[in-house]
Amino acid sequence: MQSVAVQDASDAGCAQRATVSIEIGTSKQARSPEFVCSLVALVNRAYGQHRLSEREAVARLHAGDERTRNRVLHCATRDGRLVGCCSSTTHTPWCGPGTGHWGLLAVDPEARGTGVASALVNAAERRLSEEGCYGCGIEYSYHKGDPLVSQTCRRPNLNFPKPVCLHPVHWR
């Protein structure tokens, strides 16, 4: 498990730091109906639509146990409560050789703006780099003019010498 202290942006005048713990999901979490339900609810609430089923959540969590893990799910908790997730994949057909991928980035709406997404993306990119990837791709969908997506697209990619390749999935 990786614990990251991040600036809590919810109180700009306060220098408090809230710890976010990031770990790769496992079958232990998949066997917990409470964890699976909270993961599914968090993702679907964050996306504003049905994006993740219980079956898919369980499969993604189980993948964290595999010895040769291609796609895993990073789970973020704060004070013992699930606040976000992000997947990372070392081999995808659409990114090309040596280029990993992160996606399914979801943060509890109540925890947005507190550094959870940054901690998840950093953990995903760190894993990809450690697994030998030299580039990273993301796919995304957004509403035109959404300021949160603009921040993601301008985010410098500090972990890779190759630039991030962006793959828009659909425009709304």
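Because the structure is a prediction, the values reported are computed rather than measured. (Residues numbered from 1 in each chain as written. Predicted model: local features only at pLDDT ≥ 70, side-chain atom pairs only at ≥ 80, totals over all residues. Heavy atoms only, no water.)

Caption draft 1: How the structure looks around the pattern of salt bridges. Here the structure, examined in full by the defined rule, presents four salt bridges. Salt-bridge contacts for R60 lead to E56; the nearest nitrogen and oxygen are separated by 3.1 Å. Separated by four residues within a single helix, R60 and E56 lie in helix α3 (residues 54–62), roughly one turn from each other. Residues joined in a network through salt bridges with shared partners are R45, R81, D108 and E110. (Salt bridge = Lys/Arg side-chain N within 4 Å of Asp/Glu carboxyl O. Helix = DSSP H or I, 4+ residues; strand = E, 2+ residues; numbered from the N terminus.)

Caption draft 2: A look at the nonpolar core. Of all hydrophobic cores here, the largest spans 18 residues; its most connected members are V20, I22, A76, W102, V116 and L120. Listing elements by their share of this core, those giving two or more residues are β2 (17–24), β4 (81–89), β5 (99–107), α4 (116–130) and β6 (135–142). If you tally residues by element for this core, the top one is α4, at seven residues. (Core = buried A, V, L, I, M, F, W, Y, C linked by side-chain atoms within 4.5 Å. Buried < 20%, exposed > 50% of the residue type's maximum accessible area, 1.4 Å probe, protein only.)

Caption draft 3: Up close: the packing of helix α2 (residues 33–47) against α3. Where α2 contacts α3, the axes come no closer than 9 Å and their chain directions differ by 110 degrees. In terms of their interaxial angle, α2 and α3 are classed as roughly perpendicular. Read as a crossing pair, α2 and α3 show a hand that is right-handed. The residues of α3 that touch α2, namely those facing F35, V36, C37, L39 and V40, are E54, A57, V58 and L61. Classifying every residue of the contact of α2 with α3 gives eight nonpolar, no polar and one charged. (Axes fitted to C-alpha atoms, helices over the stretch in contact; angles between N-to-C directions. Parallel < 35°, antiparallel > 145°, perpendicular 65-115°, else oblique. Left-handed = near helix turned anticlockwise from the far one by under 90°. Contact = heavy atoms within 4.5 Å. Nonpolar A, V, L, I, M, F, W, Y, C, P; charged D, E, K, R; others polar.)

Caption draft 4: Layout of the side chain of T114. Among the structural elements, T114 can be located in the loop between β5 and α4. A distance of 2.5 Å separates a polar side-chain atom of T114 from the backbone oxygen of A111. (Polar contact = N/O pair within 3.5 Å; in protein donor to acceptor, adjacent residues only side chain to side chain.)

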